[in-house]
Amino acid sequence: MVEIIGVRFKEVGKIYYFDPTNIKFKIGDMAIVETSRGVEIGEIALDNRPVPEEELVSPLRPVIRMATKEDMQKLSEIEEKEKKAFDLCQEKIKEHKLDMTLIDVEYTFDLSKVLFYFTADGRVDFRELVKSLASIFKTRIELRQIGVRDEAKLLGGIGICGRQLCCKTFLNDFHPVSIKMAKEQNLSLNPTKISGCCGRLMCCLKYENDTYEEMLKYVPKVDAIVSTPDGKGVVVDNNVLSGMIKVKLEDSDITVPQTYSYKDVTIIKDAAIKLTKEEIKALKDLEDK
């Protein structure tokens, strides 16, 4: 077992493990650490705890020290620098007539590097912009193009549920979300109803997906052929969570679909949940490529 602490550098970001070097931290403390980007300040998200060595990517970087009052004052000064750097970069983007949108600016804690995050529809030749920024800031400059999901995470917003975006409030990382998930959950495949502020499929489609996948092992799918207490029929509708299905009976005087519990029917031939070519074409831009 190896003792670690977990450090987060953004309000809702990934947690990185570090060697606490015999310093006792508690959640919410601030620590100065060395990363691949340089010296950074981060918040303790996981206090001192043992972790199996096989779960770690060794060697762990050591913590430099617990943050002091002077460090916190410096952090406030850096945040002011970032605001000014943002405005200056905006001016330079206009000056160079680049088709890009600046999203955020970050200084490393030791001021050895400035990172500019931007979005753009395609590749952008920003070499001249980097030269202009380097002449102003007199330090290393890095421009990093990010996707629309990362943009939403940085900027935040309100989802169609009326709450703050999950990626801004608690999601540490993005998980793959597919159109098939929406189809399995009987959701309308209207792009405006299943896409988030970022224009991609809503992350929350993933939350209940395991439950739906498990239930679909037992609940007949639409177009499945089943045997019911009233005879053979075809499933025309199903409610996966309640386990209730509607069956149009064959060779019966009953023309209205009958409702049964999945426990009361036997599957003769199950169907598959498939996307039509039209659905794929209409929704192709909603999945991350």
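As a reminder, the structure under discussion sits directly above these lines.
Conventions we followed
- Residues numbered from 1 in each chain as written.
- Predicted model: local features only at pLDDT ≥ 70, side-chain atom pairs only at ≥ 80, totals over all residues.
- Heavy atoms only, no water.
- Pairing = 2+ DSSP bridges.
- Helix = DSSP H or I, 4+ residues; strand = E, 2+ residues; numbered from the N terminus.
- Axes fitted to C-alpha atoms, helices over the stretch in contact; angles between N-to-C directions.
- Contact = heavy atoms within 4.5 Å.
- Buried < 20%, exposed > 50% of the residue type's maximum accessible area, 1.4 Å probe, protein only.
- Disulfide = S-S within 2.5 Å.
- Salt bridge = Lys/Arg side-chain N within 4 Å of Asp/Glu carboxyl O.
- Left-handed = near helix turned anticlockwise from the far one by under 90°.
- Nonpolar A, V, L, I, M, F, W, Y, C, P; charged D, E, K, R; others polar.
- Phe/Tyr/Trp six-rings, centres within 6.5 Å; stacked < 30°, edge-to-face > 60°.
- Lys NZ or Arg CZ within 6 Å of the ring centre and 35° of its normal.

Asker: What's the story with the sheet that holds strand β8 (residues 140-145) in this structure? I'm lost.
Answerer: Strands belonging to one sheet form pairs held by backbone hydrogen bonds; the direction of such a pair is parallel or antiparallel. Read across the sheet, three strands follow the order β6-β7-β8 without closing on themselves; strand pairing throughout is mixed. Of all the strands in the sheet, the pair left with one neighbour each is β6 (101-107) and β8. Across the sheet, the axes of successive neighbouring strands diverge by a mean angle of 20 degrees, strand direction being ignored. Across six bridges, the pairing between β6 and strand β7 (residues 113-119) is antiparallel. When the sheet's bridge partners are listed, aspartate 104 is paired in β7 with tyrosine 117. Its contacts with the sheet put helix α3 (residues 148-155) on β6 and β7, and the angle it makes with β6 is roughly 60 degrees.

Asker: I keep staring at the environment of aspartate 237 and nothing clicks. Help me out?
Answerer: Position of aspartate 237 among the secondary structure elements: in strand β10 (residues 231-239). You can call aspartate 237 partly exposed: its relative accessible area is 37%. Measuring from C-alpha to C-alpha, the distance between aspartate 237 and leucine 75 comes to 58 Å, with 162 residues separating the pair along the chain. Contacts of aspartate 237, omitting those with residues within four sequence positions, involve Val222, Ile245 and Lys246.

Asker: Even after reading the chapter, I still don't get the state of the cysteines, so can you show me in this structure?
Answerer: A covalent bond between the sulfur atoms of two cysteines is what we call a disulfide. Taken as a whole and assessed by the stated rule, the structure comprises zero disulfides. In this model cysteine 161 remains outside any disulfide bridge; the closest cysteine sulfur is found in cysteine 166, 6.3 Å from its own. For cysteine 197, which is in no disulfide, the shortest distance to another cysteine sulfur is to cysteine 198 and amounts to 7.5 Å.

Asker: Looking at this model, I keep getting lost on the side chain of aspartate 71. Mind explaining?
Answerer: Residue placement: aspartate 71 occurs in helix α1 (residues 69-95). Beyond its immediate chain neighbours, meaning those up to four positions away, aspartate 71 contacts Ile32, Arg65, Met66 and Phe109.

Asker: What is the right way to read the pattern of salt bridges from this model?
Answerer: Two side chains that carry opposite charge are able to pair once their charged atoms sit near each other. Under the counting rule described, the total for this entry stands at 18 salt bridges. A salt bridge links aspartate 71 to arginine 65; the nearest nitrogen and oxygen atoms lie 2.7 Å apart. Via salt bridges that share partners, Lys10, Arg37, Glu40 and Glu106 belong to a single interconnected network.

Asker: So what exactly am I meant to see when it comes to the packing of α1 against helix α2 (residues 127-137) here?
Answerer: When two helices pack together, their arrangement is captured by the angle between the axes and the distance separating the axes. Closest axis-to-axis distance for the α1/α2 pair is 10 Å, and the angle between their directions is 140 degrees. Of the two elements, α1 crosses α2, and the hand of that crossing is right-handed. Residues Ala85, Leu88, Cys89, Lys92 and Ile93 of α1 touch α2, and the partners they reach there are Leu129, Ser132, Leu133, Ile136 and Phe137. Broken down by class, the residue content of the contact of α1 with α2 amounts to eight nonpolar, one polar and one charged.

Asker: Please clarify how unusual backbone geometry should be interpreted in this entry.
Answerer: Glycine aside, residues mostly have negative phi angles, and peptide bonds mostly take the trans form. Its identity as a non-glycine residue notwithstanding, asparagine 22 has a phi of 65 degrees, on the positive side. On the basis of relative accessibility, which here comes to 74%, the residue asparagine 22 falls in the exposed class. Notably, asparagine 186 is not glycine yet its phi reads approximately 60 degrees, a positive angle. Position of asparagine 186 among the secondary structure elements: in the loop between α5 (179-184) and α6 (191-194). Residue class for asparagine 186 comes out partly exposed when judged on its relative accessible area of 44%.

Asker: In this structure, what is going on with the sheet that holds strand β11 (residues 244-249)? I would like to understand it.
Answerer: Sheet architecture is open: five strands sit in the order β12-β11-β10-β9-β13, paired in antiparallel fashion. Every interior strand has two partners, whereas the edge strands, β12 (258-261) and β13 (266-269), have only one. For this sheet the average axis-to-axis angle between neighbouring strands, irrespective of direction, equals 45 degrees. Relative to β10, strand β9 (residues 225-228) is paired through four bridges, and the arrangement is antiparallel. From the neighbouring strand, valine 226 faces β10, where its bridge partner is glycine 233.

Asker: Would you mind going over the packing of aromatic side chains with me for this structure?
Answerer: Applying the stated criterion to the full structure yields five aromatic pairs. Judged by centre distance (5.9 Å) and plane angle (45 degrees), the rings of phenylalanine 9 and tyrosine 16 are tilted. Residue classification places phenylalanine 9 among the partly exposed positions, given a relative accessible area of 27%. Between phenylalanine 9 and phenylalanine 18, the aromatic rings sit 6.2 Å apart at their centres with planes inclined by 80 degrees, giving edge-to-face as the arrangement. Put simply, the rings of Phe9, Tyr16 and Phe18 touch in pairs and so form one group of aromatic residues. Across the ring face of phenylalanine 109, the terminal group of lysine 74 is positioned such that the distance to the ring centre comes to 4.6 Å. The ring of phenylalanine 174 is capped by lysine 153, whose NZ or CZ atom sits 5.9 Å from the centre of that ring.

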